[in-house]
Amino acid sequence: MFLSNPAISLVLFTAILATFTGCWPAAPTPDTAVSAVEVPKAKFPFKTREPEDFQCDIVETAGTVVRRKRLAMMGSRSRLDLDVGTDRHRVILSTEKEYLIDPARRIYAEVPGGDSGSFSELTRELLLVSPRTSFEEAGREGTIIRYRAASDNSEQSEVIIHYDTALELPVKHEFLTVRNGERTLSFTIEIVNFSLEPDPGLFELPAGFRRVALEEVAAGPKI
């Protein structure tokens, strides 16, 4: 489902995915028969849709650490919320200009140049974590099909992709480490609260917020 319009910059998201590229664990033993699906690199055994407008939450879990982000897209406008629900919450809003917003302190700044510099697509963020040559169906439940993805460069890691046939999107990834035949879940990325009808208010500067220098918004805990 490669988006026809560029989504907002997900540099931080990409970095986290890259961190776990070399340490995917494997999935639990599947509860249904499996079938191998050999595919070329960067090709996947399922179709994907191309929503131009959407919003969703992205939940990253590593052990007891949970991080929540919110991604929204409407036409050429986009918004990325980082560390939602914490004092590190920051918003990158791209409209006719680009802004960095601190909701807690009710301040915002305009980003010089108005360009985040790097644009990503939602599916690419979830799929292109490491080169893969094969997918193996590992079970089905309702509209969800689970695929075990094999990595080209490691026998000590696996990833389980949960694909929603109703949304035509991969909605969850489980990164597992394989050691001595044992599989351990190390990291999970999940898309929740997905909607094809984003709230238009998400793409407006919040009323009553004070404009300040970019350095002031960026000050404090790093995002």
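Scroll up for the structure.
No experiment lies behind these values; they were computed from the predicted model shown. (Residues numbered from 1 in each chain as written. Predicted model: local features only at pLDDT ≥ 70, side-chain atom pairs only at ≥ 80, totals over all residues. Heavy atoms only, no water.)

## Concerning the pattern of salt bridges
Stage number 1. Evaluated as defined, the whole model comprises 16 salt bridges.
Stage number 2. Between Arg67 and Asp83 there is a salt bridge, with the nearest N and O atoms lying 2.6 Å from each other. Here Arg67 is found in strand S3 (residues 65–74), whereas its partner Asp83 is found in the loop between strand S4 (77–82) and strand S5 (90–94), with 16 residues between them in sequence. Judged on exposure class, the residue Arg67 and its partner Asp83 are both buried.
Stage number 3. A salt bridge links Arg210 to Glu216, with the nearest nitrogen and oxygen atoms 3.8 Å apart.
Stage number 4. Look at Arg210 and you get partly exposed, because its relative accessible area is 48%.
Stage number 5. What you see here is one network of salt bridges that share partners, running through Glu136, Arg148, Glu158 and Arg183. (Salt bridge = Lys/Arg side-chain N within 4 Å of Asp/Glu carboxyl O. Helix = DSSP H or I, 4+ residues; strand = E, 2+ residues; numbered from the N terminus. Buried < 20%, exposed > 50% of the residue type's maximum accessible area, 1.4 Å probe, protein only.)

## Thoughts on the pairing of strand S6 (residues 98–102)
Side chains on a regular strand alternate between the two faces of the sheet.
Stage number 1. Burial runs high along S6: five of the five residues are buried.
Stage number 2. The alternating pattern of S6 places Glu98, Leu100 and Asp102 on one face and Tyr99 and Ile101 on the opposite face, and all of these are buried.
Stage number 3. Inspection of the sheet shows S5 paired to S6 by four bridges, in the antiparallel sense. Considered in S6, the bridge of Leu93 is made with Tyr99.
Stage number 4. When S6 meets strand S7 (residues 107–110), the two strands line up antiparallel, connected through four bridges. Counted as the bridge partner of Tyr99 is Glu110 from S7.
Stage number 5. Connecting S6 to the antiparallel partner S7 that follows it, the hairpin turn spans four residues, and Arg106 within it adopts a positive phi of roughly 55°. (Pairing = 2+ DSSP bridges.)

## Considerations on the pairing of strand S2 (residues 54–62)
Stage number 1. Bridge count for S2 against S3 is nine bridges, and the pairing is antiparallel. Each bridged residue has a counterpart across the sheet, and for Gln55 the counterpart in S3 is Ala72.
Stage number 2. In this structure, S2 lies alongside strand S12 (residues 182–195), joined through six bridges in antiparallel fashion. What sits directly across from Val59, in S12, is Glu190.

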